[in-house]
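These are the residues of each chain, in order.
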Amino acid sequence: MRRRIGIDVGGTNTDAVLLEDDAVVAAVKTPTTEDVTTGISRALAGLVERAPAAREAQAAMIGTTHFTNAVVQRRDLDRVAAVRVGLPSGASLPPFVDWPEDLAALVRGEVVMLEGGHEFDGRPLVPFDAAGMRAAARRVRAAGIRSVAVAAVFSPLNAACEEQAASILHEECPDVAVTLSHRLGRIGLLERENAALLNACLVELARKTARAFTAALRASGIAAPLYLTQNDGTVTLAEVAEAYPVYSFASGPTNSMRGAAFLSKRADALVIDVGGTTTDIGSLRHGFPREANSVVEIGDVRTLFRMPDLLSMGLGGGTRVAMAPSLTIGPTSVGFRLTEQGLVFGGDVLTVTDVAVAAGLIDLGDRSRVAALPASLVDSTLARIRAMIEEGVDRMKTEAGDVPLIAVGGGSFLVPPRLAGVSEVLNVPHQAVANAVGAAIAQVSGEVDQIFQDLSRDEAIARARRAAEDKAVAAGADRATVSVVEVEDLPLSYLPGNSLRTRVRVVGEIAR
Amino acid sequence: MRPVTLDEIESLAIGAWILGTGGGGSPYLALLNMRQLYRQGVTCHLMDASELDDDDMVAVVSNMGAPLVGQERLTDPRTMALAVTMMEEYLGKKFRAVMSLEIGGGNSIQPFMAAAILDLPVIDGDCMGRAFPEAQMTSFAIHDLRMYPLTLADVRDNAVVVARAASWKWMERISRKACVEVGSIASTCKAPRTGKEIKDCAILGSTTKAIGIGRAVQAARKAHRDPIEAVLKLEGGIKLFVGKIHDIARRTTEGFLRGTAAIEGLDEFRGHTFRLAFQNEFAVGWLDDVPRVMTPDLICVLDTVAGDAIGTETLRYGQRVTVIALPAPPILLTPKGIEHVGPRAFGYDLDFRSVFA
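As the structure is a computational prediction, the values presented were derived from the model and not from experiment.

1. Here's the deal with the overall build of chain B
From N to C terminus, chain B includes 12 helices and 18 strands. Here the C-alpha atoms of chain B give a radius of gyration of 19 Å, agreeing with the 21 Å that 2.2 N^0.38 yields for 357 residues. In terms of overall dimensions, chain B has a C-alpha envelope of 60 × 45 × 40 Å along the principal axes. Looking at the 357 residues of chain B, the share that counts as buried comes to 60%. Across chain B, contacts joining residues at least 24 apart in sequence account for 73% of those joining residues at least 6 apart.

Now the structure itself:
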């Protein structure tokens, strides 16, 4: 039997589930704690109490927003060295050039720019300055910097310069953590370098966090290996993932969408995740969230890597409802204080949850406390919520015609059973812990984004696919289960021959 | 002549991206360069063409190559300046000012980058009034001005002078070949122009216009008003369609990004579809299969909420977009202009009819 533990650490709650094959056999919701780890320990203790078999799980997967929060809140970040390989190109735009000044001042250590890099077709731009790299490595050591990000021009197409830089760094300062940009991002030097720099300043935190998570797991009597869930709905072994914390940035919403797909057995649908403060709507394709194709800003730093395409609205169970001067819903919320401040819980703030209780959509708290709400107010609030959801669903639709909508999250009772543009609203068991379920079912992925020349479209895609499969297997996938989930190709203007930028992503089950 | 503030260049980046009509490349990296230069104490100056003497020489500059390569080999003001000084050496004459080839997209900012290094003013104008994919699609070509010489420089100190070319097409072929050889990205200084040629044949005032458009978008956003309405009002534009992109087909032929995008109507356009054809830039738009708008009228696709322009390379499924038309410069609307940049120049067998007619 396949047993897996899924854990999702959100801003309000830490959820944990145990899956046996495809069945959810236990689920726990506990408040998230300041240090994160205590909340995880409590959730695991609850899980083991309900299902002692959790101790025999073969894998445990954790999704967390811890690293994003560190960047946004500017805490626990390390000072790093930036090594750019590409001179004489790009000299006027050095590393950190488009960072917010407060964050740059916090993390900017040595900044080194060296000759090297490649052309779009793999030719060297100029020879790599290995001697300059060695001198820079010695300065890094002398400055006591513990983490280095290396970005070379066109490294996603030819990583030789970054690899050479890494081996020189390892020789000169063996204890330094090295982030290579080609492992993280796509074409787009500044954005890829920014992702590498963010990663470098989080590596130490990630290492500590992953070890604390593992310790929490062991303390609960669970021997299974720990995986961290990634932005794209897949997982990586914690000891590998701790080197790439930026890949965990958006794992929360991704996990709830993946969980929705699993619980509803639908691979193509829209998902609406209604929480306490916000509602996220995303689109599932082949069981995975559709990705944003544009620049993503994290803590005001421009990056470009795998992130789900989401629409966020200020609507949740704790959203405030104001009657005067006119009916207003949100955007503020009482958040995790709903159980103190909401009317049905004895508080004095009218929230969306109170209206839902008055309308009989859900039975929570003391219903008599909302009996006096005018029916017209209840009706018009629900009508407004329906309009907000219909508008949001319509914005995320990518095709004409009605589509199925899967409702998950603690506030999913707010989603009306029938909506314009929606063929059916799917409510599924365990919908309140869909995110932890999504973590538990995560698979391993591999991706290739490369320019191919003078190949037919089919040949280019086949070659990219083989490379992506090799990457997935290297990351822990079972080759027999690997399948393609995304193929994208973009012909390139102005390049000679028949140039095609091809991106292929594959996923597979964890090899046992 | 007047100094230009960094805020104006920030506005220029937004306005020029809109005037790019889907092409011209994102101005972001050029804007970052200007922020660096201004931080170092540089101030650029904008010069009205009327301040030029007839025999002054003006450098017309542009970055040439594949936008994707430009995302890795980041644009550098010194390379652009190098192309200009090479031209001065070749001619044995000094330039009085620099000017943009095309005001649409990133090339709107390239002359400011060169000007910052060379300490020259930037002429308020260009020779397209928007962006176009080919060398003969300029007001200078429409006026039959000479198309050579051209200088081309890359960041490694490779440089080429195209001393003569038999036609605009030959100039395009030869310079494109050199550009590809140095890695599909290069800085170019086009055929030098006299003050008289600029005054008679350039599209004047387009820099100020792009700054104004950008400023209108920023002001509207700040006041939580509709930025697209602000652009339409400022430029006398027409809102053609509002909807959601539901199909895109792209292919490369003859070195261009060609394709179509279909938009499904929303709001007052619900039940209708709009189809756009592009060759780097948007060329023709059909409303329910009837031609509605065509080049050289400016066809701009904007993010419905933010008002930002969307390039033909970044169009994708599900985007909420508003299609607007802005008036083209009068020179492009003359019979000769239509020959160079009208629908037939892009392979569409349509008689040009302006939406503003």
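From this point, things continue past the structure.
2. A look at helix H4 (residues 130-142) of chain A
Residue and element names in this part refer to chain A. With 13 residues, H4 should reach 18 Å at 1.5 Å per residue; the first-to-last C-alpha distance of 19 Å fits that figure. Buried-residue contacts for H4 involve strand S5 (80-87), strand S6 (108-115), strand S7 (147-152) and helix H5 (160-172). The first or second residue beyond H4 is Gly144, which carries a positive phi of 70°.

3. Digging into the domain arrangement of chain B
Residue and element names in this part refer to chain B. Taken domain by domain, chain B consists of domain 1 (2-206) and domain 2 (228-346). Computed over C-alpha atoms, the centres of domain 1 and domain 2 are 25 Å apart. Residue-level contacts link 20 residues of domain 1 with 24 residues of domain 2. Put simply, the parts of the chain that give the side of domain 1 that touches domain 2 at least two residues each are helix H1 (6-19) and helix H6 (139-142). In terms of residue class, the side of domain 1 that touches domain 2 is built from 11 nonpolar, 8 polar and 1 charged.

4. As for the domain arrangement of chain A
Residues and elements named next belong to chain A. Split into domains, chain A comes out as domain 1 (80-206), domain 2 (266-428) and domain 3 (443-508). On a C-alpha basis, the centres of domain 1 and domain 2 stand 42 Å from each other. Per element, the largest residue contribution to the side of domain 1 that touches domain 2 is 5 residues, and it comes from helix H6 (residues 189-219).

5. Points about unusual backbone geometry
A cis geometry characterises the amide bond from Ala324 of chain A onward to Pro325 of chain A, with omega recorded as 0°. Structurally, the position occupied by Pro325 of chain A is in the loop between strand S17 (319-322) and strand S18 (328-333). A cis amide bond, omega 10°, links Thr295 of chain B with the succeeding residue Pro296 of chain B. Inspection of the secondary structure puts Pro296 of chain B in the loop between strand S16 (290-294) and strand S17 (298-303). One non-glycine residue, Thr21 of chain B, lies in positive phi territory at about 45°. Position of Thr21 of chain B among the secondary structure elements: in the loop between H1 and helix H2 (28-39). In this structure, Asp289 of chain B takes a positive phi of about 70° despite not being glycine. Within the secondary structure layout, Asp289 of chain B lies in the loop between strand S15 (281-287) and S16. Given 8 C-beta atoms within 10 Å, Asp289 of chain B falls into the exposed group.

Quick notes on the rules
Residues numbered from 1 in each chain as written. Chains lettered and ligands numbered in written order. Predicted model: local features only at pLDDT ≥ 70, side-chain atom pairs only at ≥ 80, totals over all residues. Helix = DSSP H or I, 4+ residues; strand = E, 2+ residues; numbered from the N terminus. Rg over C-alpha atoms; globule rule 2.2 N^0.38 Å. Buried ≥ 20, exposed ≤ 12 C-beta atoms within 10 Å, placed from the backbone. Contact = placed C-beta atoms within 7 Å. Expected span 1.5 Å × (residues − 1). Domains from an automatic or database assignment. Nonpolar A, V, L, I, M, F, W, Y, C, P; charged D, E, K, R; others polar.

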